[in-house]
Amino acid sequence: MESQMGYHEARAALEWLLELGAVDAVGDSPVDRYALPQAAPGKKAKPEATAQAAPAPTPNAGPPQTQVDVVGEARRAAAGAGDLAALKAAMAAYPHCELRKGARQLVFGEGQAGARLMIVGDAPGRDEDQQGRPFVGRQGQLLDRMLAAIDMGRDMPDAPVYLTHVLPWRPPQNRDPKPDEIAMITPFLERHVALVNPDVIILMGNTACEAALGKRGVQRLRGQWGEAFGKPVLPMCHPEYLMRTPSAKRDAWADLLSVKAKLGALA
């Protein structure tokens, strides 16, 4: 007689999967594979793809369709956005980034145009994907404390900060964005910067550095001022990295002081 898994055994198995890093279900609903029909012994299920014969080529079908210029389409869509609301709508309507199919919602940005400091992160994580806001959860709380240390913050009316990500959709399993994904979304980021028009930009993480500077290796780049999108930019380590590596917080504090001094010099 087969024994069924009890509550405590099922919970222990779930906790074990979480420890291994499983955070998302593969499907939208669970599948009882013991209830699926079994193939007869010695016979293999015929793949559906081979059940139908391939259609014969049609003569004089005309020239093949040209490949879509996804970066060019993104550039045209972004250029037509006259304000942040229009840019968000253009990004939501952009059909060529496959990440949108696996994300819960678009994570656009938070803040107001005219903020002197703009922070660009890599891509939304699980918390951002659930809430539709950039830099939330534990890493967002750490970032808020870091900004408060230099008398700035997303909720400070006298010293507001604008927050966004390079990609507006969460990659599956929080994987690193691919180069083609970064390339097709970068025109939207360029327009985002132009509409916010900050004095200074912080690039938090490797993807942000790759999109803005064409370089990776944020631990090597951090602390060195550069220019991108016509603005001074400073690479910094992401709050998620700082939570894993507390010893890097000393460098992050030095970077924040450098940002404060740059803003003071540009005032």
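Bear in mind the structure is a predicted one, so any value in this text is a computation, not a measurement.

Caption draft 1: Structural context of the packing of aromatic side chains. On inspection of all chains with the given rule, the structure shows one aromatic pair. Above the face of the Trp225 ring, Lys262 is positioned so that its terminal group lies 4.8 Å from the ring centre.

Caption draft 2: Seen up close, helix α12 (residues 249-266). Over its 18 residues, α12 runs 26 Å from end to end, which matches the ideal 26 Å to within 8%, given 1.5 Å per residue. Every buried residue belonging to α12 is among Ala252, Asp255, Leu256, Val259 and Leu263, and all of these are buried. Along the long axis of α12, the arc covered by the buried residues comes to 100°, so they all point the same way. Residues Arg250, Ala261 and Ala265 are exposed on α12 and point more than 90 degrees away from its buried face. Among the structural elements, β2 (117-121), α7 (137-148), β4 (200-204), β6 (231-236) and α11 (239-244) are those in contact with the buried residues of α12.

Caption draft 3: Geometry of the side chain of Asp129. Structurally, Asp129 is set in helix α6 (residues 126-131). Filtering out sequence-adjacent residues up to four positions away, Asp129 remains in contact with Ala103, Arg104, Gln105, Val107, Pro124 and Arg170.

Caption draft 4: Broad picture of the sheet that holds β6. Read across the open sheet, the six strands follow the order β1-β3-β2-β4-β6-β5; overall the sheet is mixed. In this open sheet, the two strands that pair with only one neighbour each are β1 (109-110) and β5 (226-228). Against the sheet, α7 touches β2, β3 (161-165), β4 and β6, its axis set at about 155° to β2.

Caption draft 5: Examining the nonpolar core more closely. Judged by nonpolar contacts, the single largest core of 39 residues is most densely connected at Leu87, Val120, Val166, Ile185, Phe188 and Leu203. Those elements that place two or more of their residues in this core are α3 (70-79), α4 (84-93), β2, α8 (179-196), β4, α9 (206-213) and α10 (218-221). The leading source of residues in this core is α8, at eight residues. When neighbours within four sequence positions are excluded, Ile185 is seen to be in contact with Tyr94, Cys97, Val166, Leu167, Pro168 and Trp169. By size, the runner-up hydrophobic cluster in this structure holds 25 residues, among which are Leu143, Ile150, Val200 and Met236.

Caption draft 6: A look at the pattern of salt bridges. Enumeration according to the criterion identifies twelve salt bridges in this entry. Here Asp144 ties to Arg154 by a salt bridge, and the two come within 3.0 Å at their closest N and O atoms. Here Asp144 is found in helix α7, whereas its partner Arg154 is found in the loop between α7 and β3, with ten residues between them in sequence. The class for Asp144 is partly exposed, based on a relative accessible area of 30%. Classification of Arg154 as buried rests on a relative accessible area of 13%. One salt bridge connects Glu210 with Arg216, and the closest N-O pair in it is separated by 2.7 Å. Via salt bridges that share partners, Glu110, Arg133, Asp144 and Arg154 belong to a single interconnected network.

Caption draft 7: Quick look at the environment of Cys237. Position of Cys237 relative to the elements: it lies in the loop between β6 and α11. Distance in space between the C-alpha atoms of Cys237 and Asp255 is 9.4 Å, their sequence separation being 18 residues. Apart from residues lying up to four places away in sequence, Cys237 is in contact with Met204, Val218, Gln219, Arg222 and Leu242.

Caption draft 8: Looking closely at the layout of surface pockets. Taken as a whole, the largest pocket encloses approximately 910 Å³ of empty space. For the largest pocket, the lining is made up of 34 residues, of which Gln139, Asn174, His238, Glu240 and Arg244 are closest to its centre. Broken down by class, the residue content of the lining of the largest pocket amounts to eleven nonpolar, twelve polar and eleven charged.

Caption draft 9: Quick look at the packing of α3 against α8. Between α3 and α8, whose axes approach to 8 Å, the crossing angle comes to 15°. Between α3 and α8, the interaxial angle falls into the category roughly parallel. Crossing of α3 against α8: the hand is right-handed. Every residue of α8 that contacts α3 at Val70, Val71, Ala74, Arg75, Ala77, Ala78 and Ala79 is listed here: Ala183, Met184, Pro187, Phe188 and Arg191. Considering only residue class, the contact of α3 with α8 consists of ten nonpolar, no polar and two charged.

Definitions and limits used
- Residues numbered from 1 in each chain as written.
- Predicted model: local features only at pLDDT ≥ 70, side-chain atom pairs only at ≥ 80, totals over all residues.
- Heavy atoms only, no water.
- Phe/Tyr/Trp six-rings, centres within 6.5 Å; stacked < 30°, edge-to-face > 60°.
- Lys NZ or Arg CZ within 6 Å of the ring centre and 35° of its normal.
- Helix = DSSP H or I, 4+ residues; strand = E, 2+ residues; numbered from the N terminus.
- Expected span 1.5 Å × (residues − 1).
- Buried < 20%, exposed > 50% of the residue type's maximum accessible area, 1.4 Å probe, protein only.
- Arc of directions from axis to C-beta.
- Contact = heavy atoms within 4.5 Å.
- Pairing = 2+ DSSP bridges.
- Axes fitted to C-alpha atoms, helices over the stretch in contact; angles between N-to-C directions.
- Core = buried A, V, L, I, M, F, W, Y, C linked by side-chain atoms within 4.5 Å.
- Salt bridge = Lys/Arg side-chain N within 4 Å of Asp/Glu carboxyl O.
- 1 Å grid on protein atoms, 1.4 Å probe; cavity = no way out; pocket = protein on both sides within 12 Å on 5 of 7 lines; lining within 4 Å.
- Points joined across faces, edges and corners; volume = space filled by probe spheres on them.
- Nonpolar A, V, L, I, M, F, W, Y, C, P; charged D, E, K, R; others polar.
- Parallel < 35°, antiparallel > 145°, perpendicular 65-115°, else oblique.
- Left-handed = near helix turned anticlockwise from the far one by under 90°.

The values reported here are purely geometric and, on their own, carry no functional implication.
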